[in-house]
Amino acid sequence: MIRFIPPSEVLAIRNEVLREGRLTLEQCRFPGDQSEGSFHLGYFEQDKLICVASFHPKSYQDYHGIGYQLRGMATLENFRGKGRGNQLVNFAIVYLRGQKVNYVWCNARKKAIRFYQNIGFENISDEFEVPGVGPHHVLYLKIQ
Ligand SMILES: CC(C)(COP(=O)(O)OP(=O)(O)OC[C@H]1O[C@@H](n2cnc3c(N)ncnc32)[C@H](O)[C@@H]1OP(=O)(O)O)[C@@H](O)C(=O)NCCC(=O)NCCS
């Protein structure tokens, strides 16, 4: 089951999956987590939160229309490869379409690019390095 959740609920999975548990929960907050229009989704498997993603209103360069940035996409290791992440992002896309949002984009880790492409995102950048994390590309999905 997918639900809107408060930003505080995404922090533990962000830390475990995206920061190898190295940070405090407070350090896992992103600027924009609490901004107006931001929202956070969680996938619950029998009441256990197993997958999260956050969406912040933010345009990408000079792309036309209202843009949202997808951040903090993470599924607990034992629950990966079952389509949970795919369902979570598709839930967000339907919601964003209803909000008249034009596109969603993200800085995607190279390893996760296929995950986004399966959903329909396109790769729109050269490779760039995020210090301490590794190679990334910008992925973009037009919603309407
Ligand atoms: C990237 C990540 C969020 C994907 O989450 P997930 O819940 O495993 O995603 P899905 O199960 O929807 O898709 C993953 C794979 O499962 C496959 N899959 C299996 N069953 C599926 C189904 N029913 N529906 C869709 N995909 C399915 C997909 O083909 C996909 O394969 P691919 O990405 O190798 O092509 C997860 O691997 C993760 O947390 N990784 C570590 C952190 C990370 O890299 N986050 C992204 C930062 S940009």
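All figures in this text were calculated on a predicted structure; none of them were measured in a lab. (Residues numbered from 1 in each chain as written. Predicted model: local features only at pLDDT ≥ 70, side-chain atom pairs only at ≥ 80, totals over all residues.)

Some thoughts on unusual backbone geometry
Moving on, step 1. Its identity as a non-glycine residue notwithstanding, Asp 47 has a phi of 70°, on the positive side.
Moving on, step 2. The topology assignment puts Asp 47 in the loop between strand 2 (39-45) and strand 3 (48-57).
Moving on, step 3. Positive phi, normally seen in glycine, also occurs at Gln 61, with a value near 45°. (Helix = DSSP H or I, 4+ residues; strand = E, 2+ residues; numbered from the N terminus.)

Side note on the site of the ligand
Moving on, step 1. What surrounds the ligand is a group of 20 residues, the closest being Thr 75, Arg 80, Gly 83, Gly 85 and Asn 86.
Moving on, step 2. Those elements that place two or more of their residues in the shell around the ligand are helix 1 (11-18), strand 4 (67-75), helix 2 (84-98), strand 5 (103-109) and helix 3 (113-119).
Moving on, step 3. Split by residue class, the shell around the ligand holds eight nonpolar, six polar and six charged. (Near = placed C-beta within 6 Å. Nonpolar A, V, L, I, M, F, W, Y, C, P; charged D, E, K, R; others polar.)

Quick word on the nonpolar core
Moving on, step 1. With 30 residues, the main nonpolar core has Ala 53 and Ala 92 as its most contacted residues.
Moving on, step 2. Secondary structure elements with two or more residues in this core: helix 1, strand 2, strand 3, strand 4, helix 2, strand 5 and strand 8 (134-142).
Moving on, step 3. Not counting residues up to four positions away in its chain, the partners in contact with Ala 53 are Leu 41, Leu 70, Gly 72, Met 73, Leu 88, Val 89 and Ala 92. (Core = buried A, V, L, I, M, F, W, Y, C linked by C-beta atoms within 7 Å. Buried ≥ 20, exposed ≤ 12 C-beta atoms within 10 Å, placed from the backbone. Contact = placed C-beta atoms within 7 Å.)

Things to note about helix 1
Moving on, step 1. Of the positions making up helix 1, those classed as buried are Leu 11, Ile 13 and Arg 14. In a view along the axis of helix 1, the buried residues occupy a sector of 165°, so they form one face of it.
Moving on, step 2. Looking at the buried side of helix 1, the elements it contacts are strand 3 and strand 4.
Moving on, step 3. Directly beyond the C-terminal end of helix 1, a positive phi value near 45° is found at Glu 20. (Arc of directions from axis to C-beta.)

Re the environment of Ser 125
Moving on, step 1. Mapped onto the fold, Ser 125 is located in the loop between strand 6 (122-123) and strand 7 (128-130).
Moving on, step 2. Owing to 15 C-beta atoms within 10 Å, Ser 125 belongs among the partly exposed residues under this scheme.
Moving on, step 3. Note: C-alpha distance between Ser 125 and His 137 (twelve residues apart in sequence) is 5.6 Å.
Moving on, step 4. If sequence neighbours within four positions are ignored, Ser 125 has contacts with His 137 and Val 138.

Considerations on helix 2
Moving on, step 1. Compared with an ideal rise of 1.5 Å per residue, which puts 15 residues at 21 Å, helix 2 spans 22 Å between its outermost C-alpha atoms and is within 8% of the ideal.
Moving on, step 2. Buried residues of helix 2: Gly 85, Leu 88, Val 89, Ala 92, Ile 93 and Leu 96, and no others. One face of helix 2 carries all of its buried residues, which in axial projection span an arc of 140°. Residues of helix 2 that are exposed and point over 90 degrees away from its buried face: Val 94, Arg 97 and Gly 98.
Moving on, step 3. Turning to helix 2, the residues buried within the fold contact strand 1 (2-4), strand 2, strand 3, strand 4, strand 5 and helix 3. (Expected span 1.5 Å × (residues − 1).)

Scope: geometric values only; no functional claims are made or implied.
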